Amino acid sequence: MSNVPSELRFTKSHEWIRLEDDGSVTIGITDHAQDLLGDLVFVETPEVGATYATGDDCAVVESVKAASDVYSPLSGEVTQTNEELADAPEVINTDPYGKGWIFKMTLADEGELDGLLDATAYGEQIAAE
Amino acid sequence: MGKQTPLYKAHVEASARIVDFGGWDMPLHYGSQMKEHELVRNSAGIFDVSHMTVVDLSGERVAEFLRYLLANNIDRLKQPGKALYTCMLNEEGGVIDDLIVYYINDRFYRMVVNASTREKDLAWIEKQAASFNIDINERDDLAMIAVQGPQAREKVHAVLSKLGNKKERVAELGQFFMAMFDDDWAIARTGYTGEDGYEVILPNKDATPFWDDCVAQGVKPAGLGARDTLRLEAGMNLYGSDMDETTTPLESALGWTVAWEPEERDFIGRNILVAQKSAGVKRKLVGLLLEEKGVLRNHQAVLVDGLEAGEITSGSYAPSLGKAIAFARVSADIGERAKVDIRGKQVDVRVVKPPFVRNGKAVV
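Residues numbered from 1 in each chain as written. Chains lettered and ligands numbered in written order. Predicted model: local features only at pLDDT ≥ 70, side-chain atom pairs only at ≥ 80, totals over all residues. Heavy atoms only, no water.

Chemist: Can you walk me through the overall build of chain B in this structure?
Modeler: Helix and strand content of chain B: nine helices and 21 strands. A compact globule built from 364 residues would reach a C-alpha radius of gyration of about 21 Å, and chain B, at 21 Å, matches this within 12%. On the principal axes, the C-alpha backbone points of chain B span a range of 60 × 50 × 40 Å. Looking at chain B residue by residue over its 364 residues, the buried ones come to 57%. Counting only contacts in chain B whose residues sit at least 6 apart along the sequence, the fraction spanning at least 24 positions is 65%. Taken as a whole, chain B presents about 15,400 Å² of accessible surface, with 48% of it coming from carbon and sulfur. (Helix = DSSP H or I, 4+ residues; strand = E, 2+ residues; numbered from the N terminus. Rg over C-alpha atoms; globule rule 2.2 N^0.38 Å. Buried < 20%, exposed > 50% of the residue type's maximum accessible area, 1.4 Å probe, protein only. Contact = heavy atoms within 4.5 Å. Areas by Shrake-Rupley, 256 points an atom, 1.4 Å probe, with all protein chains shown as cover.)

Below, the structure written as structure tokens:
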């Protein structure tokens, strides 16, 4: 069974979002998503300073099997990306909610957080797949 | 739900990720495709390939028939048990399938053809065989298991030493030879990984016990995911991706499998191949190596001087190299460098001659 931490928020497209104390968010892909993709071999992270609207494709994760888009779960500006992924994309497989984070952003509209799924809703979605 | 091999239950018990493959429920991996790939390169892995189609052909005129049906020439098979890799072409020189044919005796040959092409292959063979009075027997009573890797042979020998007198004959097999036994077992020193090993054809009822015996010897299951990256590194074509009915062997890096001599041998598609060869083959299948980060994928465009020069037919990450590799069908005059369009970004690739990996070592 996939791990769905209760303190995070989620999207239907399998991104997770953690709200940090300074109001920024950290974003990655869920344990369920990494399990579906299999061994990750390449991650194309977004550019720092780029701005995205909710639902824009902003990163790509590639496993041996397939390439998959990562969609921006919220509107905002990218402030930092996980540089370790360039040499060790497999940390997304081993630690999707920790070392496997993909990027951080500041939000254009904090109100958008309310539109995300909580752990219960996301858990129900993946159970139904 | 798709068709299941006799080993389906064993896959589920080993926590396989099951996917549809040409109508069959097959294991993609058992946890990590990369680990399974590395295992086959470094020790040994076991694959269920029972979805492949075994066809026995017999009759007085079977050799004459196969000389006509296949682009390679079965007259190259002088010793019983010897195998030959060949294409089966249509009248236009397109590849209906690639297959291995084993010479058992002058009246009996066995072919192993792909799973996804089973129906059309059998229909084609039956149609062509009509005037040759050939007995065509599709052996769906048989399963097929591949054990591959540098330690594969010794592991299989250990299993066989408990199964009657099979080990002695099998241990003496040369590359590309098969030993056939009275109890419907046939063991061939062939494979689709670029490593040494065996492909074992055996009665359905014997499949799970043999599988379990190999696993007990420390051979770990490997899925179709690893099989694909292993064959790509080894420079082996995949039917349906790298060649099909719209491409000839000469456009698919398979010219070496076409037996031109003797000139009087008339095989299906020969006229077209001869014409194509004398006019000059316009496209060829090459290897590509991506030296920067990223992954090459099927259908990405290959560019030279900003112009489209072809398309990737099989692309993936190569675990043994830590880089992306591909086969691509390109203009015959391509040089040593090209670019590939990955999601709108052009990346540099080196044009190379496969294989990329042989016997566990990088050769590009």
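Right, picking up where we left off after that structure.
Chemist: What exactly am I supposed to notice about the domain arrangement of chain B here?
Modeler: Accessible area lost during the coming together of the parts is what is often quoted as the interface size. Residues and elements named next belong to chain B. One can read the domain layout of chain B as domain 1 (1-280) and domain 2 (282-362). With centres defined by C-alpha atoms, the gap from domain 1 to domain 2 works out at 27 Å. Contacts between the two partners involve 25 residues from domain 1, matched on the other side by 24 residues from domain 2. Of all residues in domain 1, the largest losses of buried area upon contact with domain 2 belong to Leu 232, Glu 233 and Glu 251, amounting jointly to 35% of the total for that side. Linking domain 1 to domain 2 there are one salt bridge. For Arg 283, the salt bridge is made with Glu 251, and the minimal N-O distance between the two is 3.4 Å. Applying the counting criterion to the domain 1 and domain 2 interface returns 15 residue pairs in polar contact (both at pLDDT 80 or more). Taken together, the residues of the side of domain 1 that touches domain 2 break down into eight nonpolar, ten polar and seven charged. (Domains from an automatic or database assignment. Buried area = accessible area lost by both parts, 1.4 Å probe. Salt bridge = Lys/Arg side-chain N within 4 Å of Asp/Glu carboxyl O. Polar contact = N/O pair within 3.5 Å; in protein donor to acceptor, adjacent residues only side chain to side chain. Nonpolar A, V, L, I, M, F, W, Y, C, P; charged D, E, K, R; others polar.)

Chemist: Would you explain the packing of helix α2 (residues 33-42) of chain B against helix α8 (residues 224-233) of chain B in this entry?
Modeler: A pair of packed helices is captured by two measures, namely the crossing angle of their axes and the spacing between those axes. Residue and element names in this part refer to chain B. Relative to each other, α2 and α8 sit at 50 degrees, their axes nearing to 8 Å. It follows from the interaxial angle that α2 and α8 lie oblique. At the point where α2 passes α8, the crossing takes the right-handed sense. Residues Gln 33, Glu 36, His 37, Val 40 and Arg 41 of α2 pack against Gly 225, Ala 226, Thr 229, Leu 230 and Glu 233 of α8. Classifying every residue of the contact of α2 with α8 by side-chain character gives three nonpolar, four polar and three charged. (Axes fitted to C-alpha atoms, helices over the stretch in contact; angles between N-to-C directions. Parallel < 35°, antiparallel > 145°, perpendicular 65-115°, else oblique. Left-handed = near helix turned anticlockwise from the far one by under 90°.)

Chemist: For this particular structure, what's the right way to read the pairing of strand β12 (residues 197-203) of chain B?
Modeler: For a regular strand, the rule is simple: side chains alternate between the two faces of the sheet. Residue and element names in this part refer to chain B. Among the seven residues in β12, seven count as buried, and that is most of the element. Where strand β9 (residues 142-148) meets β12, seven bridges bridge the pair, whose relative direction is antiparallel. Its bridge partner being in β12, Ala 143 is matched across the sheet by Leu 202. Bridge count between strand β11 (residues 186-188) and β12: three bridges; the pairing is antiparallel. Bridged to Ala 188 within β12 is Glu 199. (Pairing = 2+ DSSP bridges.)

Chemist: How should the interface of chain B and chain A be read in this particular structure?
Modeler: Counting residues at the interface gives 13 residues for chain B and 15 residues for chain A. Note on chain B versus chain A: buried area summed over both sides is about 1,300 Å², and carbon and sulfur give 48% of it. Across the contact surface, chain B and chain A share five salt bridges. Between Arg 297 of chain B and Glu 62 of chain A there is a salt bridge, and its shortest N-O distance comes to 2.8 Å.

Chemist: What am I meant to see in the packing of aromatic side chains here?
Modeler: For any two aromatic rings, the description comes down to two numbers: the centre-to-centre distance and the angle of the planes. All names here are of chain B. As enumerated under the stated definition, the model contains eight aromatic pairs over all chains in all. Ring centres of Tyr 103 and Tyr 109 lie 5.3 Å apart, and the angle between their planes is 35 degrees; on these two criteria the pair is classed as tilted. Arranged with centres 6.3 Å apart and planes meeting at 15 degrees, the rings of Phe 327 and Phe 356 form a pair that is stacked. Highlighted residues: Phe 327 in strand β17 (residues 323-331) and Phe 356 in the loop between β19 (345-352) and β20 (357-358), separated in sequence by 29 residues. For Phe 327, a relative accessible area of 1% corresponds to the buried category. What links up through ring pairs into an aromatic cluster is the set Phe 65, Tyr 68 and Phe 132. (Phe/Tyr/Trp six-rings, centres within 6.5 Å; stacked < 30°, edge-to-face > 60°.)

Chemist: Could you clarify how one ought to interpret the nonpolar core in this entry?
Modeler: For soluble globular proteins, the rule of thumb is that nonpolar side chains tend to be buried together. Residue and element names in this part refer to chain B. Membership of the largest hydrophobic core comes to 33 residues, with the highest contact counts inside it found for Phe 47, Leu 89, Tyr 102, Val 112, Met 178, Ile 201 and Leu 273. If you list the elements that add at least two residues to this core, you get β5 (83-89), β6 (95-105), β9, β11 and α8. Dropping the residues within four chain positions of it, Ile 201 is found in contact with Val 54, Arg 110, Val 112, Leu 142, Ala 143, Met 144, Met 178, Asp 184, Trp 185 and Ala 186. Counting residues in hydrophobic clusters, the runner-up holds 28 residues, among them Ala 10, Tyr 30, Ala 152 and Leu 160. (Core = buried A, V, L, I, M, F, W, Y, C linked by side-chain atoms within 4.5 Å.)

Chemist: Which parts of the structure should I look at to understand helix α5 (residues 152-160) of chain B?
Modeler: Residues and elements named next belong to chain B. Across the nine residues of α5, seven count as buried, placing the element largely inside the fold. Buried within α5 we find Ala 152, Arg 153, Lys 155, Val 156, His 157, Val 159 and Leu 160. Looking at the buried residues of α5, the elements they touch are β9, α6 (166-171), β11, β12 and α7 (204-216).

Chemist: Help me out: how do you make sense of the sheet that holds strand β14 (residues 283-290) of chain B in this one?
Modeler: Backbone hydrogen bonds are what pair the strands of a sheet, in a parallel or an antiparallel way. All names here are of chain B. Pairing is antiparallel in the closed barrel, where six strands are placed in the order β14-β17-β16-β15-β18-β19. Taking the axes of each pair of neighbouring strands and ignoring which way they run, one obtains an average angle of 40 degrees across the sheet. Here strand β16 (residues 307-318) pairs with β17 via eight bridges, running antiparallel. Paired with Ile 312 across the bridge in β17 is Ala 328. Contacts from α8 reach β16 and β17 within the one sheet, and its direction differs from that of β16 by about 125 degrees.

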